[in-house]
Amino acid sequence: MRPSSQIEAKCWLCPMTFRTRRQLKNHLAAAPHKRLSVICVWCPEEKSYRRMVDLKEHVMAHHRSKIELMPYSFLSENNGFWMANYPETYAKVILPSNENSQEAMKARIEVLEFLNRVDNTNRKKEEWTLGWKCPKEMELSIKEEYITDIKTSCELFPGKQTKAATNQLSPLKTPSTSDIILEDDSDNEEPEILEEPTSQKKSRKTTEKEEERYVEKRKKKTNHQEQKAKKIKKGKDYKKQDEEMTLTEEGQKRTEKQEQEEIKRKEEEHKKQETRKQEEEVRLKEAEQKRKEKQEQEEIKRKEEEHKKQETRKQEEEVRLKEAEQKRKEKQEQEEIRQKEEERKKQEKQKQDEEIRMKEEELRRQEEAETKRLAEETRSNEAELMRLQEGENLQSEQFYTASERADKLLRRGGMPLFPAGRREWEKEEIVTLITIPAEVKWPPKNWKNMTPEQRYFNWEYASIALELNTGKQLQFSKEELLLKYHFLALPGTKTPQSTEGNTMTVKSRYYLYQAIANIIKSKTDDPTTLQLLDMIEASSSKRDTSTDIILNKIDAVGVQLRLGEDQ
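Residues numbered from 1 in each chain as written. Predicted model: local features only at pLDDT ≥ 70, side-chain atom pairs only at ≥ 80, totals over all residues. Heavy atoms only, no water.

K.L.:
Mind showing me how you'd approach helix α16 (residues 527-539) here?
P.N.:
Given 3.6 residues per turn, any residue in an α-helix points the same way as the ones three and four places further on. Along its 13 residues, α16 runs 18 Å from first to last C-alpha, staying within 8% of the 18 Å computed at 1.5 Å per residue. Every buried residue of α16 is accounted for by T529, L533, I536 and E537. The buried residues of α16 occupy an angular sector of 100 degrees when projected down its axis, which confines them to one face. Looking at α16, the residues exposed on the side facing more than 90 degrees away from the buried face are P527, T528, Q531, M535 and A538. (Helix = DSSP H or I, 4+ residues; strand = E, 2+ residues; numbered from the N terminus. Expected span 1.5 Å × (residues − 1). Buried < 20%, exposed > 50% of the residue type's maximum accessible area, 1.4 Å probe, protein only. Arc of directions from axis to C-beta.)

Listed below in structure tokens is the structure:
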């Protein structure tokens, strides 16, 4: 029985101190220590639980059929020592159940079967069996400073006379929280007093058999005292009770003996399995060693044969190289003779070609001189013809009105001063603009059902195709390109937006375009209008004529100018 008085308990794993043993147990069970954890002996792999309470919940939920076959106290906190991951810590704060009790032996049997069944466990069998011995080796003593409040046996068992424990407890090197057992005395027998451990060497000399006999003696004495107390209380016949108690003790001893024999048998079986496993490992190692030796011998033999083959191949390769070198030299000599002959022939041919080239060059110079002379004569004739035509045009223009002259200018345009005028497009695909690389007809099919943006995109596409068809690269902006092909704009087309850099240039072209369109509309022949037309006609003599072919096709089908939409 554990004392229930408050003790100042210190954790030996960290500097923390607690007022009660329960607080210390809760501290050791929680993070970061987790030193009161226990394993489940029935799971297919190793699983640990923080305390016996958690293990009990798990077993009742998943292994109820197993626990029904176990003793009642199998999942008690005291019996958890035999399933604890840290038995030394567990035994310091929780009294282990009697190692000869039925629940303790059952726990050890299940742990051993678990170790035989599961391979990858954190602790080996030797570590488990060594941990089970730790309560025997622990010294049941604490420092004086930790037992000032412990009650005497008279206080724990009032009404019974006991002798006080007068022997002073010797201190340990570290504060121990081991449980202190105070025996209940009856029939004026002297209580067993915890003897003071004289030294660590003396405790180590105590053999296992002596400790077992000591535990057995204590157990018998406790059972006897309990049975005797029951006799007094119930008033039964002492002799009959003694016989029943004796029979009960004998039956219990037989059961315990059978369970101990079962544990020993399983341990012997485990040792035999370990021995067989070691023998098998030795046999496998010897077989592996022999196999490696044989493999090494074969490898040496293979390397020797490979070396011989390499030597043979090396000699054959040397002979082959010598023969190849001899053939190469002979071939090289023949090649040098052939090259010299070809060089000689080439020099003779180059000499003949040079003579022919000089003759052809002389003829070409003569032809170029003659061609140049004829071209000069042709240019002079054309200039004279143009002069005569201009004179005729000046005479004929005297008979045209200002509106007719403005209409003629707007039909051809005078780029880059002003664009050609827009047309009254009404039908679909009446003019074939180009045929190569693809045929482009204008206006496009179904153009009247298009949106202003779609008409704008078709205008832009046709302008780019026409410009590329002239063999020129696109050298100016999109606004200038659309202005050059201004005559392709369909009615209702979206107005192109000018950039800030081209605003003044574009406006000046549209203003001049608007001025010519107003002359056509007004049909006036005042001197100022005629002077403006003379200036525009004079500057238009050097206009861009790359669109004249397309404009001639448009005029040929009779498409009129559209003066009502000038932007």
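K.L.:
Help me out: how do you make sense of the packing of aromatic side chains in this one?
P.N.:
In this description, a pair of aromatic rings is defined by centroid distance and the angle of the planes. Applying the stated criterion across every chain, the model contains seven aromatic pairs. Note on Y456 and F457: the rings are 5.9 Å apart at their centroids and 65 degrees apart in plane angle, and the pair reads as edge-to-face. Between Y485 and F487 the ring centres are 6.1 Å apart and the planes differ by 55 degrees, which places this aromatic pair in the tilted class. As far as the burial class goes, Y485 and F487 line up, both buried. The ring of W128 has R123 lying over it, and the distance from NZ or CZ to the ring centre is 4.3 Å. (Phe/Tyr/Trp six-rings, centres within 6.5 Å; stacked < 30°, edge-to-face > 60°. Lys NZ or Arg CZ within 6 Å of the ring centre and 35° of its normal.)

K.L.:
Would you mind showing me how to read the confidence of the model for the chain here?
P.N.:
Parts of the model with low pLDDT should not have their predicted coordinates read in detail. The pLDDT averaged across the chain works out to 77; a share of 74% of its residues lies at or above 70. In the model, residues 1-6 has pLDDT below 50 throughout and makes 17 contacts with residues more than four positions away in sequence or in other chains. (pLDDT = per-residue confidence, 0-100. Contact = heavy atoms within 4.5 Å.)

K.L.:
Just checking my understanding: could you explain the side chain of T547 for this structure?
P.N.:
The topology assignment puts T547 in the loop between α16 and α17 (548-556). Setting aside anything within four residues of it in sequence, one finds T547 in contact with K484, Y485 and F487.

K.L.:
Explanation requested: helix α6 (residues 125-132) in the structure shown.
P.N.:
Along α6, the residues classified as buried are K125, W128, G131 and W132. Looking straight down α6, one finds its buried side chains confined to an arc of 130 degrees; they lie on one side. For α6, the exposed residues set more than 90 degrees away from the buried face come down to E126 and L130.

K.L.:
Would you mind going over the packing of helix α12 (residues 402-412) against α16 with me for this structure?
P.N.:
In helix packing, the relevant descriptors are the interaxial angle and the interaxial distance, both defined with respect to the helix axes. Between α12 and α16, the least distance of the axes is 10 Å, while the angle of their chain directions is 25 degrees. On the basis of their axis angle, the class for α12 and α16 is roughly parallel. The handedness of the crossing between α12 and α16 comes out as left-handed. Here A402, R405, A406 and L409 of α12 lie close against α16, whose contacting residues are T529, L530, L533, D534, I536 and E537. The residue inventory of the contact of α12 with α16, partitioned by class, reads six nonpolar, one polar and three charged. (Axes fitted to C-alpha atoms, helices over the stretch in contact; angles between N-to-C directions. Parallel < 35°, antiparallel > 145°, perpendicular 65-115°, else oblique. Left-handed = near helix turned anticlockwise from the far one by under 90°. Nonpolar A, V, L, I, M, F, W, Y, C, P; charged D, E, K, R; others polar.)

K.L.:
Which parts of the structure should I look at to understand the environment of E439?
P.N.:
Tracing the chain through its elements places E439 in the loop between β5 (431-434) and β6 (440-442). Looking at E439, the relative accessible area reads 52%, which means it is exposed. In this structure the C-alpha to C-alpha distance between E439 and A465, which are 26 residues apart in sequence, comes to 9.9 Å. Every residue in contact with E439, bar those within four places of it in the chain, is listed here: T432 and I434.

K.L.:
Help me out: how do you make sense of the state of the cysteines in this one?
P.N.:
Cysteine pairs can be linked by a disulfide, which is a covalent bond between their two sulfur atoms. The full count for this structure, using the stated rule, is zero disulfides. The cysteine C40 is free of any disulfide, with C43 supplying the nearest cysteine sulfur at 3.5 Å. (Disulfide = S-S within 2.5 Å.)

K.L.:
I'm lost on a negative patch on the surface in this one. Help?
P.N.:
Taken together, the side chains of E126, E127, E274 and E281 make up a negatively charged region of the molecular surface. Those elements giving two or more residues to the negative patch turn out to be α6 and α11 (238-397). Mapped onto the elements of the fold, E126 is located in helix α6. (Patch = residues over 30% accessible without salt bridge, like charges linked within 9 Å, V, L, I, M, F, W, Y side chains within 5 Å. Areas by Shrake-Rupley, 256 points an atom, 1.4 Å probe, with all protein chains shown as cover. Salt bridge = Lys/Arg side-chain N within 4 Å of Asp/Glu carboxyl O. Lys, Arg positive; Asp, Glu negative; His and termini not counted. Charge placed at Lys NZ, Arg CZ, Asp CG, Glu CD.)

K.L.:
What should I look at first to understand the packing of α12 against helix α15 (residues 503-522) in this one?
P.N.:
Where α12 meets α15, the axes come as close as 8 Å, and the angle between the chain directions of the two elements is 140 degrees. By the criterion of interaxial angle, the relationship of α12 to α15 is oblique. Regarding α12 and α15, the two cross each other, and that crossing is left-handed. For the pair α12 and α15, contact is made by A402, S403, A406, D407 and L410 and by Y513, I516, A517, I519 and I520, respectively. Residue composition of the contact of α12 with α15, grouped by class: eight nonpolar, one polar and one charged.

K.L.:
What should I look at first to understand the nonpolar core in this one?
P.N.:
Buried together is how nonpolar side chains tend to be arranged in soluble globular proteins. In this structure, W42, L55, F74, M83 and Y90 are the most contacted members of the largest nonpolar core, which totals 43 residues. Not counting residues within four places of it along the chain, the set of residues in contact with M83 comprises S37, V38, I39, V41, M52, F74, A107, V111 and W128. Core analysis: the second largest hydrophobic core is formed by 25 residues, A420, I434, Y485 and I550 among them. (Core = buried A, V, L, I, M, F, W, Y, C linked by side-chain atoms within 4.5 Å.)

K.L.:
Can you help me understand the side chain of S463 in this one?
P.N.:
With respect to the helices, strands and loops of the structure, S463 is situated in helix α13 (residues 452-469). Ignoring any residue separated from it by four or fewer positions in sequence, one finds S463 in contact with L481, L482 and Y485.

K.L.:
Explain unusual backbone geometry to me, please; I cannot follow it from the model alone.
P.N.:
The phi angle of most residues is negative, glycine excepted, and most peptide bonds adopt the trans form. With an omega dihedral of 15 degrees, the bond running from M415 to P416 counts as a cis peptide bond. Inspection of the secondary structure puts P416 in the loop between α12 and β5. Here K34, not a glycine, exhibits a phi torsion of approximately 55 degrees, which is positive. Tracing the backbone through its elements, the reader meets K34 in the loop between α1 (21-29) and β3 (38-39). Positive phi outside glycine occurs at K523, with the angle close to 55 degrees. Turning to its location among the elements, K523 is positioned in the loop between α15 and α16. On the basis of relative accessible area, K523 is assigned to the exposed category, the value being 62%.

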